[in-house]
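# Coordinate inspection notes
Chain by chain, the residues run as shown.
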Amino acid sequence: MHLLEEDQGRCVKADIISTVEFNPTGELLATGDKGGRVVVFQREQESKNQPHRRGEYNVYSTFQSHEPEFDYLKSLEIEEKINKIRWLPQQNAAYFLLSTNDKTVKLWKISERDKRPEGYNLKDEDGRIRDPTTITALRVPVLQPMDLMVEATPRRVFSNAHTYHINSISVSNDYETYMSTDDLRINLWNLEITNQSFNIVDIKPANMEELTEVITAAEFHPNQCNTFIYSSSKGSIRLCDMRASALCDNHSKFFEEPEDPSNRSFFSEIISSISDVKFSHSGRYLMTRDYLTVKVWDLNMESKPLETYQVHDYLRSKLCSLYENDCIFDKFECVWNGSDSVIMTGSYNNFFRMFDRNTKRDVTLEASRENSKPRAILKPRKVCVGGKRRKDEISVDSLDFSKKILHTAWHPSENIIAVAATNNLYIFQDKVN
Amino acid sequence: MSLLCQAPTALVGWPPWLEASVQHASQFWMANMYSKGTKRKFSDSVDVATDNKAVLYSRQRQSLLDMSLIKLQLCHMLVEPNMCRSVLIANTVRHIQEEMTHDGSWQLVTEAFSGSGPSDHLVATEVLCRSSVLEQQDGGPKLYSVMGYDSCHEEEVVTDEGLCSVAVGDGAPALLGTIDHCWDRAVEDRVIKDSGSEVKDGTRSWEGAKTVMGQVFGTFEIKNGAPGSDPALEELFSAVDASYYDLDTILTDIQSTPKMGPYNLLDSMTSSHGPTSNSSCRTDLNELDHIMEIIVGS
């Protein structure tokens, strides 16, 4: 495992961060929060003058993506919380991202402006209209440099397609379409067309009373634009091929691990509910996160996962309390590193865990200001289950369940990670000797 | 009661008797939680040695069931509740009830109730949210969600057709399931028919659970159901969650009067009505307050 150094502890003075995502090159990092705002960070160009400031992330743009709305039909508020952000691959000078709240997906264009036209004929520099009678000569406006301005404009609004709450969005490899997923349905959109979407998965039962399973996450295959997966609250993953039929209710592959009868309890189903599913960058594997574990599956083996990693198994005996305080329903995300050799996920007490798939080693780290100074090396943490507690260990009963790390992101190619701890964003980089 | 203080804000614009019903239902559930806890404490101190695993297990299971039902009901929020969470809790409730049915303990609960005399019936009001859109779309008459024994009681409680209306969907248990509003606004008390005939059958308790589920999930969508039929209404009256009875028997002895509405019910709850069957379970408001804080997690 690498030593990690905290390059900077960025404290975003916004509400609770609800999503974090690097763009495909890693140059930009976007966060969404409960207040409907998106903050985009940009990595500094490395300079020879300040070698220790190796590519720090600074705020690039901030904009209000979604506003709270009111559903008059149901007399309910629609939260402005950003559930997911997904970047589109860059095709020109501007950056595009999709951001979504519970009901509406928006395509935002983030572009720079560093020149402005000057020398208009009909208006002067302040914008006031010039008196035409005073104009005696014509001039051609010229572009003059100005301070860099980054502006975000909404280019598309994809609304009114979801009855239930959107939990995922995923851009297809064809870069023309994307899908949005709610609790019971998945819709396919063309990025250019906002008044039409195709329903590709529908698990809503005819009688809502028979509802026992919901969709929890979905993602397109990174290389095959016809393939996607979706996970359910019953702990299963379905892989679908859009070439098979228009409505992909019949899966091509069904991934589910048989239940361990020795671990059965009233909470078995709840803790098996998958909170996040991610394809590996290679497209060969998929990773799922349920309440206590992270599992890596081989796409070619549906019967059981390839690898299972225990995130915080010491919570297994506390499930009743965690059910009582609703923590058992927390949705943790999981991420791959660029080479698919390390996986990372969050836990409680501002802890997050990394698992090296090759060496089978794992580490627990903490994202908190008290325990880490800038440029200090992160110290591994350990939770002590019972018996004697060693110095520096923390006991299970002292864990703070209000400090949970649900959202993390890993740079697509380098060892830079972004960790959202409630309303703070931490960015850690690999230590370079 | 921290949650009850929040309730009025969530129910802005609703009539006071409706708010009282919501508080009333919340109190019932809280009291049940409390009563279970008290029982356990009492018997533990006296009889630790003889508490065998099965009894402990069934108590834990019952408390889990109560907790789950509270979670499904207590949602005084402006935002639609998380469907995944609701589905998982509902599945847990189903699982527990299936197990209890197999054990036969579900039967015991309903039998216990049916043994008590007709004097223990409770006036109940079922108040559901408005479905103004459904009214417009269906156009037809809606069933009154308020149940009572005789017409004079119905008059008492039903004040506004617009407020208490149920759009009936397909199938009997879906009757409650077709409410378009957030299910968290729904308050379900129970109805006990004068005859007491509806609740003797333990197997019908499963229908009761289904009704709760229907109520939970039906409210996630707007259904344009055809107006219901009488058999549906029959089913509605008979489909009651038996655990409610258990709670009521333990808690309080409220004599129903034809004129008693939910508001009066609240008053009688807080007055000095002692419980009939179990003197160790008293609805002490301070204790309930404390329990509520734990549940709400304030």
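Residues numbered from 1 in each chain as written. Chains lettered and ligands numbered in written order. Predicted model: local features only at pLDDT ≥ 70, side-chain atom pairs only at ≥ 80, totals over all residues. Heavy atoms only, no water.

Going by an unreviewed UniProt entry, chain B carries the name Cell division cycle associated 4 and comes from Hucho hucho.

Chain A carries the name Serine/threonine-protein phosphatase 2A 55 kDa regulatory subunit B in an unreviewed UniProt entry, which gives Salmo salar as its organism. The heading Sequence similarities (unreviewed entry) in the UniProt record of chain A holds the text "Belongs to the phosphatase 2A regulatory subunit B family." (UniProt positions renumbered as here; feature names shortened; annotations may be inferred.)

### Quick notes on the nonpolar core
Counting 41 residues, the largest nonpolar core has Tyr291(A), Leu315(A), Leu322(A), Tyr323(A), Ile328(A), Leu399(A) and Met83(B) as its most contacted members. Mapped by element, the contributors of at least two residues to this core are helix H1 (268-272) and helix H2 (319-324) of chain A together with helix H3 (53-73) and helix H4 (83-103) of chain B. Counting residues per element, this core draws most heavily on H4(B), which supplies eight residues. Excluding anything up to four places from it in sequence, Tyr291(A) contacts Ile271(A), Ser273(A), His312(A), Leu315(A), Leu319(A), Leu322(A), Cys327(A), Ile328(A), Asp330(A), Phe332(A) and Tyr348(A). Formed by 16 residues, the second largest nonpolar core is a distinct cluster that contains Val335(A), Met344(A), Leu378(A) and Ile417(A). (Core = buried A, V, L, I, M, F, W, Y, C linked by side-chain atoms within 4.5 Å. Buried < 20%, exposed > 50% of the residue type's maximum accessible area, 1.4 Å probe, protein only. Helix = DSSP H or I, 4+ residues; strand = E, 2+ residues; numbered from the N terminus. Contact = heavy atoms within 4.5 Å.)

### Let's talk about the pattern of salt bridges
All told, the structure shown has 29 salt bridges over all chains when counted by the stated rule. The salt bridge involving Glu213(A) is made with Arg238(A); its shortest N-O contact spans 3.6 Å. Placement of Glu213(A) in the loop between strand E15 (198-202) and strand E16 (215-220) and of Arg238(A) in strand E18 (residues 237-241) is noted, with a sequence separation of 25 residues between them. The pair Glu213(A) / Arg238(A) is uniform in exposure class, with both members buried. Residue Asp326(A) is joined to Lys71(B) by a salt bridge in which the shortest nitrogen-to-oxygen separation is 2.6 Å. Placement of the pair is Asp326(A) in the loop between H2 and strand E24 (334-336) and Lys71(B) in helix H3, with the two residues belonging to separate chains. (Salt bridge = Lys/Arg side-chain N within 4 Å of Asp/Glu carboxyl O.)

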